[in-house]
Structures are given as structure tokens and as C-alpha cells.
Amino acid sequence: MTRSITVGLDGSPESRAAADWAAREAALRKQPVRMLHVWHPVPDAMAEAPPLGTRTHQHWTERIPRDAAQELKLRHPGVQMATEQRTGVPAEVLLDAAHDSELLVLGSRALSGLTGFLVGSVGQSVVARAEVPVVLVRAGRRAADEHVQVPDGLPSTATGFRPVVLGLDTDSPDDALITFAFEEAGRRDATLTVATGWSLPSSYAYSLAAGVDLREDIVRERTMALTDVLLPWREKYPDVEVAEVSRLGSPAGLLIDASHDASLVVVGRRVRRSSFGAHIGAVTHAVMHHAVAPVAVVAHD
């Protein structure tokens, strides 16, 4: 049975952008899209009020996914689409739907050019607990934004895709995360930019005090560590062009900067079995809220 790409719909501009991204991804993967709207019932006392009565319920449970499907079918006629409505707590329903999904796609809302994006409580809960990759898409994100600009600077889908950017910790690389990034770059025939940011070790200060500057040696060591990790993956995916970026500084800052020229940013989330906390990680959390391109969060051990 073919697994679908599931997108959460709530009628907002960001969820419509997420649905459009899901349809484009489905075309690349040759997989169907399931548009899921979750109705979270209001308390009985509120439901009795006219604005929240039967007509409103019908609007939210039927019209939103139906209208989205009709709109997407016009733009993506070759993609198989289905709509579904469920009742319950949105995060729990989305997590349940993820079990038989290839990807889960959600929207995130821009706050401003300075403060980044809002990943709401539902999105954060889903990202923190989902076992399948979760992709966050910004409101207003267009297909042309993921392609290289034409010489006159106008957006176009006629050009190639911008790079896929992978944030990688060379001290603990994960096969699932790396595989996902290579596969996404391969589908787009795009360059895979693998970026790692790092800090100078505490021993560096002692070497300076002794009159020895080991910075060049550290840079060389970190650069070689990234090259060594990627060597077998280059051999496994010979058709994917790989660019390596190893730089002193904040990993999150490096990825956020790279997102301005990316079609997709891929980051990892380490699975923790404890039931307490969000379990997203500082770097991934920052990228989720500030990266410009769509962000794929891949859970791994």
C-alpha cells in the first residue's frame, strides 16, 4: 500500500501554503496527498452560541478540505488527493495520522522580518513526538521561491531547484537524517549543502596562553571530519552534487543564513524516551522559528 503525504489543514494561509508544498512534494515522489482537517469540539456552553453552531461546524469540517482539494487539483492535476475530517485534539490526531504517512506537513506563520516565525503549540508538539519527518512551511511560500532566480531576478519555476541544506553534527551523524537529505536533493536534482558549525575546544585557550595557536589545525580537523562522514554517502549517491560547509560559529546561525538560498532545510531531532519536555533540541528549535525555507525535521535515535 502506497503511503501518503499528510498535510494538516485549518483554513489559514500557512496551512494552504503547506498543502501546496505537499502537492509539489507528492509530484516529485509520485505519492498521494491526504488533506486532514481536525475538528476540535468547543465546550457545550459555547457550542450553543449562534456563531459556533451547526453551520460553523459544517463549514470547518467540510468546506476547508474540500475547497483546498479543488484548488490544488487545478494546479497539480497529476497528483492524487484525498480529504479527511477527524474530531479530537489536533496534535493527537495528527500524530495518529502520521503512523501511516510518509511525511507530515504543517504550516507556520510569519511574525515579522525580525522575530521570525511562529510554530504554534500544535506544531511543536507534533514535531517533538512524530516518528516520521515533519515539514514546516511558511505562509506565502511559493513554488518559485524554491528555484534559482532567472537573470532578470524574477521568480520562476523554469529554473533548477535551489540547494537542499542539511545540518549535520559530525560527532554523531545519523543514517536516517543523511539519507533523507540525499534523497530530497536527488529528487530535485539539486546540490546538497551539508553544513556544520562548531566551537573552539576549551583547550584552545590554554594553547594560546602557551604561545601556540592551534586554530588552523582545528579548522583542518573539523573540515576533514565532515569529509570523512560524507565519503560513503557520496559513493552511495554519485549523482548528487555535494557542497561541504564547516565553519566556526553557531550551527543554528549557519543554517538560518543558508536557508535564504535553499529549497529545503533538513535538521534532526534526537528521539528521547522520557515523557517530559519538548525534545526538539536548541539548534532545531531555532531553525524551525527563523529559517526562511521550508524545514524538514527528521527524528532519529
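Please refer to the structure higher up on the page.
Keep in mind the model is a prediction, meaning the values are calculated, not measured.

Caption draft 1: Quick look at the overall build of the protein. Assigned secondary structure in the protein consists of ten helices and eleven strands. In the protein, buried positions account for 46% of the 301 residues. Restricting the contact set of the protein to residue pairs at least 6 apart, pairs at least 24 apart contribute 76%. Carbon and sulfur atoms form 54% of the exposed surface of the protein, whose accessible area is close to 15,300 Å².

Caption draft 2: Representation of the pattern of salt bridges in the model. Inspection of the entire model under this criterion finds 20 salt bridges. Taking the shortest distance from any N to any O, the salt bridge between E25 and R188 comes out at 2.8 Å. Note that E25 is positioned in helix α1 (residues 13–29) and R188 in helix α6 (residues 175–188), a separation of 163 residues in sequence. The buried category is assigned to R188, whose relative accessible area is 5%. Ionic pairing is found between D96 and R86, a salt bridge with its closest N-O pair at 2.8 Å. Of this pair, D96 sits in helix α4 (residues 90–98) while R86 sits in strand β3 (residues 81–87), and the two are ten residues apart along the sequence. If you follow the salt bridges from partner to partner, you end up with R3, E25, R29, E102, E184, R187 and R188 in one network.

Caption draft 3: Inspection of the packing of α4 against helix α5 (residues 121–129) at higher detail. Two elements in contact, α4 and α5, have axes whose closest approach is 9 Å; the angle formed by their N-to-C orientations is 35°. Like other packed secondary-structure pairs, α4 and α5 cross with a definite hand, here right-handed. Across from P90, A91, E92, L94 and L95 in α4, the residues of α5 making contact are V122, S125, V126 and R129. Looking at side-chain class alone, the contact of α4 with α5 contains six nonpolar, one polar and two charged residues.

Caption draft 4: Here's a closer look at the side chain of D145. Tracing the backbone through its elements, the reader meets D145 in the loop between β6 (134–138) and β7 (164–167). At 2.9 Å, the side chain of D145 forms a polar contact with the backbone nitrogen of R142. For D145, the residues in contact, after removing those within four places along its chain, are G140 and R162.

Caption draft 5: Structural detail: the pairing of strand β10 (residues 264–270). Where burial is concerned, most of β10 is hidden: six out of the seven residues are buried. For β7 and β10, the ladder comprises three bridges, and the chain directions are parallel. Bridge assignment links V164 to a residue of β10, and that residue is L264. One ladder, built from six bridges, connects β10 with strand β11 (residues 295–300); its direction is parallel. From the neighbouring strand, V265 faces β11, where its bridge partner is V295.

Here is what the cut-offs are and how they apply
- Each chain carries its own residue numbering, running from 1 in the direction its sequence is written.
- Note on the predicted model: pLDDT of at least 70 is required for a residue's local features to be given, and 80 or more for side-chain atom pairs to be given and counted; whole-chain, interface and lining totals, by contrast, use all residues.
- Hydrogens and water molecules were not included; the side-chain quantities draw on all heavy atoms of the structure.
- Helical segments are the DSSP runs of H or I of at least four residues, strand segments are the runs of E of at least two, and each set is numbered from the N terminus.
- Only protein chains enter the accessibility calculation, which uses a 1.4 Å probe. A residue is then buried if its area is under 20% of the maximum for its type, exposed if over 50%, and partly exposed in between.
- We call two residues in contact when some of their heavy atoms are within 4.5 Å.
- In short, Shrake-Rupley with a 1.4 Å probe defines the accessible areas, and a residue's cover is counted only from the protein chains shown.
- The rule for a salt bridge is simple: a side-chain nitrogen of Lys or Arg has to be within 4 Å of a carboxyl oxygen of Asp or Glu.
- Orientation is described by lines fitted to C-alpha atoms, with helices fitted over the stretch in contact, and by angles between N-to-C directions that extend from 0 to 180 degrees.
- In this scheme, a crossing is called left-handed if the near helix is turned counterclockwise away from the far one by less than a right angle; it is called right-handed if the turn is clockwise.
- Note that Gly is not counted as nonpolar here; it falls among the polar residues with everything else outside the nonpolar set of Ala, Val, Leu, Ile, Met, Phe, Trp, Tyr, Cys and Pro and the charged set of Asp, Glu, Lys and Arg.
- Polar contact criterion, stated in full: a pair of N or O atoms within 3.5 Å, where within protein one must be able to donate a hydrogen and the other to accept it, and residues adjacent in sequence count only if both atoms are side-chain atoms.
- Think of it this way: DSSP has to see at least two bridges between two strands before they count as a pair.

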